[in-house]
Amino acid sequence: MGEVVETSSTTSTVPTRAPEILMESGAPPQVSVPPMQAQYNSPSLSRKPLLLSLEPPSNGAIVKAISRTPNFLTPLGSPLRRAIQLTRLDPQDAWLPITESRNGNAYYAAFHTLCSGIGIQALVLPVSFTILGWSWGIISLTVAFVWQLYTLWLLVNLHESTETGLRYSRYLQLFSATFGEKMGKLLAIFPIMYLSGGTCVALIIIGGSTMKLFYEIVCGHDCTRTHLTTVEWYLVFTSAAVVLSQLPNLNSIAGVSLIGAITAIGYCTIMWLVAVTEGRLDGVSYDPIREDSNTAMIFSILNAFGIIAFAFRGHNLTLEIQATMPSSEKNPSRIPMWRGVKVAYLIIAMCLFPLAIGGYWAYGHKIPANGGMLTAIYQYHGRDTSQFVLALTSLFVIINAVSSFQIYGMPMFDDMESKYTKRMHKPLPWWLRSVSRAMFGYGCFFVAVAIPFLGSLAGLIGGVAVPVTFAYPCFMWLKIKKPQKYTTIWWLNWVLGVSGVILSVLLIAAGIYVVIDTGIQVSFFKP
């Protein structure tokens, strides 16, 4: 089998250190690599290799082909050079919404990470403190924050490989490339799809309910106008989300993510400020809640850990966000990505820690288990707090929910469109893209209306998704990077990975116990 040889696409005659290579007549055509900069290539990318045909000499003599490869790719046997020589590129990535545009930057990364990293689930963090108490609550929140930030760093550095020359632009893609297609379908596809589709369903329920509350605040207690039902408010929210979902790709929603990030920071800040400025409620206690039996107490503690673990989300979107950036060997995408992530998580910490600590200080064991801070603001301060502040808080929650719907729906859009491009070998027409995204949005609406008790199963299903954040990145790092055994980094990843799996199993068990112990009020089509 003949060798694959690189030639420059320019006519420069500047000599390089690469040796001359003898090529026999009839060898395969040369593959041209851009001479100025080595690009990291996705397993599916929009560029096609430039194939140059070589006319064999009539006399059958040996022909010399001088390598024009830039110096930074030498020596010839370097893994990066071999990878770039042999990698086949696929045009499909130019047709899919995640990788359609690769002009992202650190600012876009910060916007997307903030919008996906702060969510309504963070508002129930003070509930975990009622079980764990001050010390263990703060310790657990800090450990979880550092843990998930470390696994996020692992994902950012696993996005592109200098050994294979590939970019893994999707979480499932990286997992399947590491452990195989069967393991990907068995262990990763459900939690990843749940973190996208399930979150969109939850956002419809939260956004629609908050829209109804916002209307009641603005209209006033004596309003005589006809009110929409809960289902109708779900439909209003879904329609707004579907209209925004027509933006073509992940880079095009950077402005939407910025607005979502600002509103998330806004409602988190307003809530803990109102709670602290209004002062502690009368009769507040900080003694951890004790259950009657040891079994109930154990599962109660696990539930508290689950609340903290579920507060951190967005790891299933990290590789997708990084895929929107240009990348090369000289300027890898991990540098601007990590810069944006650091800023985003500094802001996230400034939101979550005051929210958890300030909320628990103000309400103690009286914090509502259902809704957390959002319910507490209206329940305890609905009359003595400005209606403008309450309405603004509700409006921020609505806008953030609509914005988050876009970024969490993008992996689903990408997956749906990839089915078409693989079969038809061409991009999805604009009208079919609009129809498919509308079908997804209203499909989520149907699930939100048909199964309103889905929130009761959140702990059970959410436990399955915990490894995506806390365990899988550690195992992928061990498999791909292969650190030396018994070194610090080896032990750290093994301990965190195994701990993440154990935590997932325990949370699933706790979810099953809660379902059996408290039961579920099954009411189809009655939100």
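Model, not experiment: these values are computed from the prediction.

Participant: I'd like a rundown of the packing of aromatic side chains, residues and numbers included.
Facilitator: Tallied over the entire structure, the rule returns 24 aromatic pairs. Seen in terms of ring centroids, W147 and F470 are 4.9 Å apart; in terms of plane orientation they differ by 70°. Their pairing is edge-to-face. Separated by 323 residues along the polypeptide, W147 in helix α3 (residues 125-158) and F470 in helix α14 (residues 458-470) bring together distant segments of the chain. Residue F470 is classed as buried on the basis of its relative accessible area, which comes to 2%. Ring geometry for Y486 and W491: centres 6.1 Å apart, planes at 40°, overall tilted. Put simply, the rings of F475, Y486, W490, W491 and W494 touch in pairs and so form one group of aromatic residues. Here the guanidinium or amino end of K481 rests over the ring plane of W477, the centre of that ring lying 5.5 Å away.

Participant: So what's going on with the nonpolar core? Which residues, and what values?
Facilitator: Of all hydrophobic cores here, the largest spans 87 residues; its most connected members are L125, L141, I204, Y267, M271, Y363 and M373. The element contributing the most residues to this core is helix α10 (residues 334-363), with 14 residues. The contact partners of L141, leaving out residues within four places of it in the chain, are L125, F129, I308, F312, F353 and A356. One finds W147, Y171, Y472 and L503 within the second-largest nonpolar core, a separate group that totals 26 residues.

Participant: Any details on the pattern of salt bridges? Residues and values, ideally.
Facilitator: Enumeration according to the criterion identifies seven salt bridges in this entry. Notably, a salt bridge pairs D415 with K419, separated by 3.0 Å at the nearest N-O pair. Of this pair, D415 and K419 both sit in helix α12 (residues 387-424), four residues apart, roughly one helical turn. Classification of D415 by relative accessible area gives partly exposed; the value is 30%. Here R433 makes a salt bridge to E417, at a shortest N to O gap of 3.0 Å. Residue R433 is located in helix α13 (residues 430-450), and its partner E417 is located in helix α12; the two are separated by 16 residues in the primary sequence. Taken as a pair, R433 and E417 share a single burial class, namely buried. Ionic contacts of the salt-bridge type, sharing partners, join the residues D93, R102, R170 and D414 into one network.

Reading guide: rules and limits
Within each chain, residues carry numbers counting from 1 in the order of the written sequence. For a predicted model such as this one, the threshold for reporting local features is a pLDDT of at least 70, and the threshold for listing and counting side-chain atom pairs is 80 or more; totals across whole chains, interfaces and linings nevertheless cover every residue. Working from all heavy atoms in the structure, the side-chain values ignore hydrogens and water. To pair, rings of Phe, Tyr and Trp, with the six-membered ring standing in for Trp, must have centres within 6.5 Å; the planes then decide the type, stacked if under 30 degrees apart, edge-to-face if over 60, and tilted in the middle. For helices the rule is a DSSP run of H or I covering at least 4 residues; for strands it is a run of E covering at least 2, with both sets numbered from the N terminus onward. Per-residue accessibility, obtained with a 1.4 Å probe over protein chains only, is compared with the maximum for each type, and a residue is labelled buried under 20%, exposed over 50%, and partly exposed between these values. Two conditions define a charge sitting above a ring: the NZ of Lys or the CZ of Arg must be within 6 Å of the ring centre, and it must be within 35 degrees of the ring normal. Only buried residues count toward a nonpolar core, which is a set of Ala, Val, Leu, Ile, Met, Phe, Trp, Tyr and Cys residues joined through side-chain atoms within 4.5 Å. When checking whether two residues touch, look at their non-hydrogen atoms; a contact exists if any pair is within 4.5 Å. For salt bridges, the criterion is a side-chain nitrogen of Lys or Arg within 4 Å of an Asp or Glu carboxyl oxygen.

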